[in-house]
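As a plain string of letters, each chain reads:
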Amino acid sequence: MATLDQLRSHLGTLSAVLWNFGASFPVPTLDEYDDGELGFAFTAELPGASTPRAATIGLAEIWRPRAAMSFRLAEYEYDFIEFPLERRQAFHRHDETHFLAEFGVAVHEHCEEQLGRPSCSHYFGLPLDAYEAIRRFTARWGQPGPIGCAQLRCMA
């Protein structure tokens, strides 16, 4: 659960973490949607080779209203695309009803050792927050070799 002020602070901290890695991106905003949900979505370009494109980290979250003036995280998409090494890793929580009914989990991962050619469309995953996602993405960033898709379990 988080208040509006805590969500603003959360978004500011995420921005500061990415800026500390040298990422460039427009200042993100916390947006209110017609149904009362709050959210943000932005993509940060990491420093490095710009050909074919620099590596990016995308962060998006949707927070649903709960009790008076508080919100709970309902959906997220944390994506890392490393264009220079042609690979992708992502942690998602969306379409919860579908994923719970079909696979018994609310979250899933994406993993592509070769960008645009996934071996599996969705992998089982565990919930995590944006800070852990950034930590995992930046630990992999620029490192040669596979990112570990073979170690994940495909949802089929």
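Structural notes, computed from the coordinates. (Residues numbered from 1 in each chain as written. Predicted model: local features only at pLDDT ≥ 70, side-chain atom pairs only at ≥ 80, totals over all residues. Heavy atoms only, no water.)

## Some thoughts on the overall build of the chain
The secondary structure content of the chain amounts to three helices and seven strands. For the chain, the succession of helices and strands along the chain, N to C, is α-β-β-β-β-β-α-β-β-α. In terms of overall size, the chain behaves like a compact globule, its C-alpha atoms giving a radius of gyration of 16 Å where 156 residues would be expected to give roughly 15 Å. Considered along the principal axes of its C-alpha atoms, the chain spans approximately 50 × 40 × 20 Å. Across the 156 residues of the chain, 42% fall into the buried class. Contacts in the chain between residues far apart in sequence, at least 24 positions, make up 50% of those at least 6 positions apart. (Helix = DSSP H or I, 4+ residues; strand = E, 2+ residues; numbered from the N terminus. Rg over C-alpha atoms; globule rule 2.2 N^0.38 Å. Buried < 20%, exposed > 50% of the residue type's maximum accessible area, 1.4 Å probe, protein only. Contact = heavy atoms within 4.5 Å.)

## Brief notes about the pattern of salt bridges
Summed over the entire model, instances satisfying the criterion amount to nine salt bridges. Ionic pairing is found between Glu75 and Arg64, a salt bridge with its closest N-O pair at 3.3 Å. Taken together, the positions of Glu75 in strand E4 (residues 71–82) and Arg64 in strand E3 (residues 56–65) put the pair 11 residues apart, joining distant regions of the chain. Judged by relative accessible area, Glu75 falls into the partly exposed class, the value being 26%. Arg88 is paired through a salt bridge with Asp79; the nearest N and O atoms lie 2.8 Å apart. Pair check on accessibility: Arg88 and Asp79 agree, each one buried. One network of salt bridges, with partners in common, ties together Glu37, Arg64 and Glu75. (Salt bridge = Lys/Arg side-chain N within 4 Å of Asp/Glu carboxyl O.)

## A look at the side chain of Gln89
Locating Gln89 in the fold gives a position in strand E5 (residues 87–93). At 2.8 Å, the side chain of Gln89 forms a polar contact with the side chain of Arg140. (Polar contact = N/O pair within 3.5 Å; in protein donor to acceptor, adjacent residues only side chain to side chain.)

## Here's the deal with the state of the cysteines
Enumeration over the complete set of coordinates arrives at two disulfides. What pairs with Cys111 in a disulfide is Cys149, and their sulfur atoms sit 2.0 Å apart. Residues Cys111 and Cys149 are joined through a disulfide that is left-handed, its torsion about the S-S bond being -85 degrees. Pair noted here: Cys111 is in strand E6 (residues 108–112) and Cys149 is in the segment after helix H3 (130–140), with a separation of 38 residues, a long-range link. Both residues of the pair, Cys111 and Cys149, count as buried. Residue Cys120 pairs covalently with Cys154 via a disulfide, S to S 2.0 Å. The S-S bond linking Cys120 to Cys154 shows a torsion near 85 degrees; that makes this disulfide right-handed. One end of the pair, Cys120, is in the loop between E6 and strand E7 (123–124); the other, Cys154, is in the segment after H3, and 34 residues separate them in sequence. Relative accessible area serves as the criterion here: at 7%, Cys120 is assigned to the buried category. (Disulfide = S-S within 2.5 Å.)

## A few points about unusual backbone geometry
Non-glycine residue Met69 carries a positive phi angle of around 60 degrees. Here Met69 is to be found in the loop between E3 and E4. Phi is positive for Glu86, which is not a glycine, with a value near 55 degrees.

## Quick notes on the packing of aromatic side chains
Applying the stated criterion to the full structure yields nine aromatic pairs. Pairing Phe80 with Phe137 gives two aromatic rings, centres 5.4 Å apart and planes at 15 degrees, and the pair type is stacked. With Phe80 in strand E4 and Phe137 in helix H3, this pair connects stretches of sequence that are 57 residues apart. In this pair, the class of Phe80 matches that of Phe137, namely buried. Plain terms: the ring middles of Phe103 and Phe124 are 6.4 Å apart, the flat faces sit at 90 degrees to each other, and that makes the pair edge-to-face. (Phe/Tyr/Trp six-rings, centres within 6.5 Å; stacked < 30°, edge-to-face > 60°.)

That's the geometry; what it means functionally is another story.
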